[in-house]
Amino acid sequence: MLAASSSSFLAIAQDGLSAVTWGGRRDRGQLPQLHCRAQQVVATSHSFAVLQEDGQVLCWGRTCRPTLFPVLEEVSELCASEDAFGALRKDGTVVTWRPPKTTLEPVDGLSHVTQLVASRHAFAALKRDGTVAAWGHPRFGGDAARLRNVQRLHASSGAFAALRADGSVRTW
């Protein structure tokens, strides 16, 4: 597994237990010890997050010291914008946080999420019923009003794309 911040890289070995960073010294931060096997790695501009096999998330980098989020359990997927992380929980709810803060911000009114993606300054969530919720800066896709029949989401740094059930694609 490999992730890149704005000036450094994180690689997780095939065993999922050992890691190495290189590149910009400030962004790498202090490499923490993984507590169990890594399942996914993502990066903001200056921080890394690792989803571990036990569903907990470990975060560190220039803007935060190594932090294990014991209250952030049962995570199925992570994503990262330029300056924030998002976590999709196995129960279909979503939380976000912005390092160096460790306060988790639940996304109110959002449930039954099956996919979470991020652009540079926004997040988008695909719900089980094929609708999409988006939040963040509107210039980066933070508004997806009335989008239905979606099967899959994709993100670039400045926009989102939705593959719809009829094969059409809608971008915003």
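Quick note: structure is the one above.
Now for a description of the structure that goes with this document. Just so you know, these numbers come straight off a predicted model, no measurement behind them.

**Digging into the overall build of the protein**
Next up, step 1: Helix and strand counts for the protein stand at one helix and 17 strands.
Next up, step 2: Expected size for 172 residues packed as a compact globule is a radius of gyration near 16 Å; at 16 Å, the protein falls within 12% of this value.
Next up, step 3: Viewed in the frame of its principal axes, the protein has a C-alpha envelope of about 45 × 30 × 30 Å.
Next up, step 4: Considering only contacts in the protein between residues 6 or more positions apart, those separated by 24 or more positions represent 35%.
Next up, step 5: Carbon and sulfur atoms make up 47% of the accessible area of the protein, which amounts to about 8,800 Å² in all.
Next up, step 6: The distance from the centre of the 19 positive side-chain charges to the centre of the 15 negative ones in the protein is 7 Å.

**Description of the packing of aromatic side chains**
Next up, step 1: Within the structure shown, the criterion is met by five aromatic pairs.
Next up, step 2: Taking 5.9 Å as the distance between ring centres and 40° as the angle between the ring planes, the aromatic pair formed by F48 and W60 counts as tilted. Here F48 is found in strand β5 (residues 47–52), whereas its partner W60 is found in strand β6 (residues 57–61), with twelve residues between them in sequence.
Next up, step 3: With a centroid separation of 5.5 Å and an interplanar angle of 35°, the aromatic rings of F160 and W172 are classed as tilted. Of this pair, F160 sits in strand β16 (residues 160–164) while W172 sits in the segment after β17 (169–171), placing them twelve residues apart in sequence.
Next up, step 4: On the accessibility criterion, F160 (2% relative accessible area) is buried.
Next up, step 5: What makes W172 buried here is its relative accessible area of 16%.

**Some words on the nonpolar core**
Next up, step 1: Grouped together as the largest cluster of nonpolar side chains are 15 residues, with contacts concentrated most on V57, F69, L72, V75, L78, A87 and W97.
Next up, step 2: Residue assignment for this core shows that the elements contributing at least two residues are β5, β6, β7 (64–69), β8 (75–80), β9 (85–89) and β10 (94–97).
Next up, step 3: Residues within four places of L78 in sequence aside, it is in contact with Q40, V42, A49, V50, L51, V57, G86, A87 and W97.
Next up, step 4: Formed by 13 residues, the second largest nonpolar core is a distinct cluster that contains A124, L126, L147 and L153.

**Comments concerning the pairing of strand β15 (residues 150–155)**
Next up, step 1: When β15 meets β16, the two strands line up antiparallel, connected through five bridges. Within β16, the residue paired with R152 across the bridge is L163.
Next up, step 2: Linking β15 to β16, which pair antiparallel, is a turn of four residues.

How each quantity is defined
Residues numbered from 1 in each chain as written. Predicted model: local features only at pLDDT ≥ 70, side-chain atom pairs only at ≥ 80, totals over all residues. Heavy atoms only, no water. Helix = DSSP H or I, 4+ residues; strand = E, 2+ residues; numbered from the N terminus. Rg over C-alpha atoms; globule rule 2.2 N^0.38 Å. Contact = heavy atoms within 4.5 Å. Areas by Shrake-Rupley, 256 points an atom, 1.4 Å probe, with all protein chains shown as cover. Lys, Arg positive; Asp, Glu negative; His and termini not counted. Charge placed at Lys NZ, Arg CZ, Asp CG, Glu CD. Phe/Tyr/Trp six-rings, centres within 6.5 Å; stacked < 30°, edge-to-face > 60°. Buried < 20%, exposed > 50% of the residue type's maximum accessible area, 1.4 Å probe, protein only. Core = buried A, V, L, I, M, F, W, Y, C linked by side-chain atoms within 4.5 Å. Pairing = 2+ DSSP bridges.

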